[in-house]
Amino acid sequence: MAFWANESWIAASATHQYVSGFDPKNLSDGAYKLTLGGEAIVSSGYSESGSEDAYREICQGGVLKLLPGQFAYLITEEKVFLTTDIIGFINAATGVKLKGLVNISGFHVDAGYEGKLIFTVFNAGPTPISIFRGQPLFRFWISDFRGTGSSIKTGYDSIPRDWADRLHGTYPSPFALSARIIELEKSVGKLEGQKNQFLIYAFIIGIFLFPFVAGLYASVFAPWFGATVSERILDTVFKRTPTSGSPLAKEPQEAKPPPAASDQPATKTPPAANTPSTGAKPGE
Ligand SMILES: O=c1ccn([C@H]2C[C@H](O)[C@@H](COP(=O)(O)OP(=O)(O)OP(=O)(O)O)O2)c(=O)[nH]1
């Protein structure tokens, strides 16, 4: 197995087109630079919602921004045409990987594969990564592939639209979570500010309303409230003898039953004669 150097690429391309629009200028140390094509599917990320806008068309020179924690399907502009006696290897360019873009997808292209290549990437970095259509974002190597059994396979022409459903939801990276926490802290700070404002307003309104409420209480509620409930509470708490104004005073006292007749000691009524005369006659 031998990887193709630039010379092998150029010599072989004289009889077969391995990459659409082949240009030797795009070769670098045996790697052919494939560029970003016109469509992408991007996950909702941490600051957007739903997968409705996941599919993105990228116009010529148009930019696609991948936020921290976002996951995307990208497609190459070029199609590759592998014969059955070669195999391909793919990767993302180092420059963009150093910004934090991770290539999650496979690394080989089957012998006999014909079509565009789809890359699955994830922004694991702390900052948004902007890529543009036509940017030489991917690397493609070819190697001889000995033996038989491979056949021509029709590959991708575009990104299947239903792949958007696979990217529904969020894929939070530590950076995305940190950004989310900062957003929430800002919201909490705003709410705190609103709460303080509310308390200040309530205090000011309270100052203006106090004389009115106090007057209302003194003139309407206090006479009724003070005479009934207040006195009752004071009597109970301080074990006071119910005052004449107190409701307890007005309540009938519990009557003690009179002692039984047999229990009463016999008392004699002193004779009228022994009663010291007051000199007064009855009826006087
Ligand atoms: O990141 C990748 C990896 C592969 N391919 C293309 C080239 C490859 O020939 C084809 C199938 O890839 P692979 O053989 O790895 O996928 P599979 O899941 O094993 O599918 P299959 O069983 O059809 O081979 O998809 C891509 O577009 N992107």
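- Looking up the protein chain in an unreviewed UniProt entry gives the name Deoxycytidine triphosphate deaminase, with the organism given as Methylobacterium marchantiae.

## Some remarks on the site of the ligand
Item 1. All residues adjacent to the ligand are Ile 90, Ser 105, Gly 106, His 108, Val 109, Asp 110, Tyr 113, Leu 117, Ile 118 and Tyr 156.
Item 2. Residue Asp 110 places a main-chain N or O atom 2.9 Å away from an oxygen atom belonging to the ligand.
Item 3. Contact between the ligand and Ile 118: a nitrogen atom at 2.6 Å from a main-chain N or O atom of the residue.
Item 4. For the ligand, whose accessible area on its own is 570 Å², the fraction buried by protein is 56%.
Item 5. Counting atoms within 2 Å of the grid points, the majority share of the ligand lands in the largest pocket.
Item 6. The class makeup of the residues in the shell around the ligand is 6 nonpolar, 3 polar and 1 charged.

## Here we look at the sheet that holds strand 7 (residues 80–81)
Item 1. Pairing within the open sheet is mixed, and its 3 strands lie in the order 7-11-15. Of all the strands in the sheet, the pair left with one neighbour each is strand 7 and strand 15 (153–154).
Item 2. Two strands pair when backbone bridges link them, and strand 11 (residues 113–115) and strand 15 are joined in this way by 2 bridges, in the parallel orientation. The partner of Glu 114 across the bridge, within strand 15, is Thr 154.

## Considerations on the side chain of Asn 103
Item 1. Mapped onto the secondary structure, Asn 103 falls in strand 9 (residues 101–103).
Item 2. Separated by 2.8 Å, the side chains of Asn 103 and Ser 105 make a polar contact.
Item 3. When sequence neighbours within four positions are dropped, the list of residues in contact with Asn 103 reads Asn 91, Ala 92, Phe 119, Thr 120 and Val 121.

## As for helix 1 (residues 6–13)
Item 1. Where helix 1 is concerned, the buried positions are Trp 9, Ala 12 and Ser 13. The buried residues of helix 1 occupy one face: seen down the axis, they fall within an arc of 100°. Exposed side chains of helix 1 directed beyond 90 degrees from the buried face belong to Glu 7 and Ala 11.
Item 2. Residues of helix 1 that are buried in the fold lie against strand 1 (27–28), strand 2 (31–34) and strand 14 (138–144).

## Regarding the nonpolar core
Item 1. Trp 9, Leu 74, Val 80, Ile 131 and Phe 140 are the most contacted members of the largest nonpolar core, which has 33 residues in total.
Item 2. Once you skip the residues sitting within four places of it in the chain, Leu 74 turns out to touch Leu 36, Glu 39, Ala 40, Leu 64, Leu 117, Ile 118, Phe 119, Val 121, Ile 131, Leu 137, Phe 138 and Ile 159.

## Describing the pattern of salt bridges
Item 1. According to the stated counting rule, one finds 3 salt bridges in the structure shown.
Item 2. Between Glu 77 and Arg 133 there is a salt bridge whose closest N-O contact spans 3.0 Å. Taken together, the residues Glu 77 in the loop between strand 6 (71–76) and strand 7 and Arg 133 in the loop between strand 13 (129–132) and strand 14 connect sequence positions 56 residues apart.
Item 3. Here Arg 133 falls in the buried class, since its relative accessible area comes to 18%.

## A look at the environment of Lys 65
Item 1. Within the secondary structure, Lys 65 is located in strand 5 (residues 63–66).
Item 2. For Lys 65, a relative accessible area of 49% corresponds to the partly exposed category.
Item 3. Residues Lys 65 and Ser 130 lie 65 residues apart in sequence; the distance between their C-alpha atoms is 4.3 Å.
Item 4. Apart from residues lying up to four places away in sequence, Lys 65 is in contact with Gln 70, Pro 128, Ile 129 and Ser 130.

About the cut-offs
Throughout, residues of each chain are indexed from 1 in the direction in which the sequence is written. Given that the model is predicted, a residue must reach a pLDDT of at least 70 before its local features are reported, and side-chain atom pairs must reach 80 or more before they are shown or counted; all residues, however, enter totals for whole chains, interfaces and linings. Side-chain metrics rest on all non-hydrogen atoms present in the structure, leaving aside hydrogens and water. Residues are labelled near a given molecule or strand when at least one of their non-hydrogen atoms is within 4 Å of it. In protein, a polar contact requires one atom able to donate a hydrogen and another able to accept it; more generally it is a pair of N or O atoms within 3.5 Å, and residues adjacent in sequence count only if both atoms are side-chain atoms. Computed with a 1.4 Å probe, the accessible areas rest on the Shrake-Rupley method; for each residue, only the protein chains presented here act as cover. As defined here, a cavity is a set of points on a 1 Å grid over the protein atoms alone where a 1.4 Å probe fits but cannot get out. A pocket is an open set with protein on both sides within 12 Å along at least five of seven lines, and residues line them when an atom is within 4 Å of a point. Those molecules having more than half of their atoms within 2 Å of a cavity or pocket grid point set are described as sitting in that cavity or pocket. Polar here means any residue outside two lists: the nonpolar Ala, Val, Leu, Ile, Met, Phe, Trp, Tyr, Cys and Pro, and the charged Asp, Glu, Lys and Arg; Gly therefore counts as polar. Pairing between two strands requires that DSSP report at least two bridges joining them. The helix and strand labels rest on DSSP assignments: H or I over at least four residues marks a helix, E over at least two residues marks a strand, and numbering proceeds from the N terminus. Contact definition: two residues touch when any of their heavy atoms are within 4.5 Å. When a residue's accessible area, from a 1.4 Å probe over protein chains only, is under 20% of the maximum for its type it is buried; when over 50% it is exposed; and in between it is partly exposed. What the arc covers is the set of directions going from the helix axis to the C-beta atoms. Only buried residues count toward a nonpolar core, which is a set of Ala, Val, Leu, Ile, Met, Phe, Trp, Tyr and Cys residues joined through side-chain atoms within 4.5 Å. Any carboxyl oxygen of Asp or Glu that lies within 4 Å of a side-chain nitrogen of Lys or Arg is treated as forming a salt bridge with it.

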